[in-house]
Amino acid sequence: MTNNNIYFIANWKMFGSLKSVNSLNKVVSYSKKNKYKAKIIYCPPYTLLKSFVDRTKNSNIQIGAQDCHIQPKYGPFTGAISPKMIKDLGGKFVIIGHSETRDENDNNKINLKIKSALEENLDVILCVGEKLTDKKNNKTKSVLKKQLLEGLKNLNKLNKIIIAYEPVWSIGTGIIPKENDLIKNIKFIRDTLKWSKKFTKSKVLYGGSVNPKNIKNLMRIDNIDGFLIGGASTNEKIFIDIMKKSII
Ligand code: PGA
């Protein structure tokens, strides 16, 4: 089986210097081989957006940011970056609602951030996921539902929104959900998305401790459209290894 159309989204978080741009070389050439059809997207920190865009020119790799402001263009917001600025640099995607940016104050901004990203024509990767306490208290479904309904309220251009299911307790811990739980939760997300007919075609990804050892098992779960990969994506060999092993 191929991994055609499967998403491999690299979330570099607060890692990377100008030199790390060289670590894209192997991935760029890998993506050019055999008309590789998986969808590779790098989301470096803002400081590296332009360098990553330049380095991946003439390849099918695309670039995105890890967050954005609720104002689509410009404004007096010290330290903030808008969707327009991301687009100006050649970014095509933006991650919104990652658990590392989603704090109590941010939760009600997710919907506004998505709206502003769509206004600038960026594709959005909306992260949802329960914390360990939610899981222990059997609250996973209600948390996912709330995050989805609040995040996606009154939106259009729904084909430009990808959902990434990232259980918070899985991120950076080496622990991934049991297969049955993952199947169940992804299905729950898809069912919830059906509340609006507009969302039925949305892609649903999994994120949290994806690595070369667990990718084969994750690929066997057939309702997953791809992966949001943190730590393992910053090492080109490991990232390529994951993509190679995803062909089962
Ligand atoms: P991880 O991070 O792969 O290092 O667990 C995933 C993420 O936070 O998106």
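Q: Got a sec to walk through the site of the ligand? Specific residues and values, please.
A: Taken together, 13 residues lie near the ligand, and K13, H98, E166, G172 and S209 sit nearest. The separation between an oxygen atom of the ligand and a polar main-chain atom of S209 is 2.7 Å. For the ligand, an oxygen atom lies 2.9 Å from a polar atom in the backbone of G230. Protein contacts shield 95% of the accessible area of the ligand, which totals 280 Å² for the unbound molecule.

Q: Tell me about the packing of helix α1 (residues 25–32) against helix α10 (residues 236–245), residues and numbers included.
A: Axis separation between α1 and α10 bottoms out at 9 Å; the angle between their running directions is 25°. Here α1 lies roughly parallel to α10, going by the angle between them. Two packed elements cross with a definite hand, and for α1 against α10 that hand is right-handed. Residue-level contacts link N25, K26, V27 and Y30 of α1 to E236, F239, I240, M243 and K244 of α10. Taken together, the residues that form the contact of α1 with α10 break down as 5 nonpolar, 1 polar and 3 charged.

Q: Tell me what's going on with the packing of aromatic side chains, and back it up with residues and numbers.
A: Throughout the structure, instances matching the rule amount to 6 aromatic pairs. Arranged with centres 6.0 Å apart and planes meeting at 35°, the rings of F8 and F227 form a pair that is tilted. With F8 in strand β1 (residues 7–11) and F227 in strand β8 (residues 226–229), the pair connects residues that are 219 residues apart, well separated along the chain. Of the two residues, F8 and F227, neither departs from the other in class, the shared state being buried. Each residue in the set W12, Y42, F52 and F239 is aromatic and connected to the rest through ring pairs, giving one cluster.

Q: Mind laying out the pattern of salt bridges, listing which residues take part and the relevant values?
A: Counted under the stated rule, the structure contains 13 salt bridges. D191 is paired through a salt bridge with K187; the nearest N and O atoms lie 2.7 Å apart. With a gap of 4 residues between them, D191 and K187 both fall in helix α8 (residues 179–193), about one helical turn apart. When salt bridges that share partners are traced, they join K50, D54 and K57 into one network.

Q: Tell me about the nonpolar core, and please be specific about residues and values.
A: Counting residues in each nonpolar core, the largest one holds 60 residues, and the members touching the most others are F8, Y42, I161, I163 and F227. The element best represented in this core is α8, accounting for 5 residues. Among the nonpolar cores identified, the runner-up in size contains 12 residues, and Y7, F93, I95 and I162 belong to it.

Rules used throughout
Residues numbered from 1 in each chain as written. Predicted model: local features only at pLDDT ≥ 70, side-chain atom pairs only at ≥ 80, totals over all residues. Heavy atoms only, no water. Near = heavy atom within 4 Å. Polar contact = N/O pair within 3.5 Å; in protein donor to acceptor, adjacent residues only side chain to side chain. Areas by Shrake-Rupley, 256 points an atom, 1.4 Å probe, with all protein chains shown as cover. Axes fitted to C-alpha atoms, helices over the stretch in contact; angles between N-to-C directions. Helix = DSSP H or I, 4+ residues; strand = E, 2+ residues; numbered from the N terminus. Parallel < 35°, antiparallel > 145°, perpendicular 65-115°, else oblique. Left-handed = near helix turned anticlockwise from the far one by under 90°. Contact = heavy atoms within 4.5 Å. Nonpolar A, V, L, I, M, F, W, Y, C, P; charged D, E, K, R; others polar. Phe/Tyr/Trp six-rings, centres within 6.5 Å; stacked < 30°, edge-to-face > 60°. Buried < 20%, exposed > 50% of the residue type's maximum accessible area, 1.4 Å probe, protein only. Salt bridge = Lys/Arg side-chain N within 4 Å of Asp/Glu carboxyl O. Core = buried A, V, L, I, M, F, W, Y, C linked by side-chain atoms within 4.5 Å.

So far we have only geometry, and geometry alone does not tell us how the molecule works.
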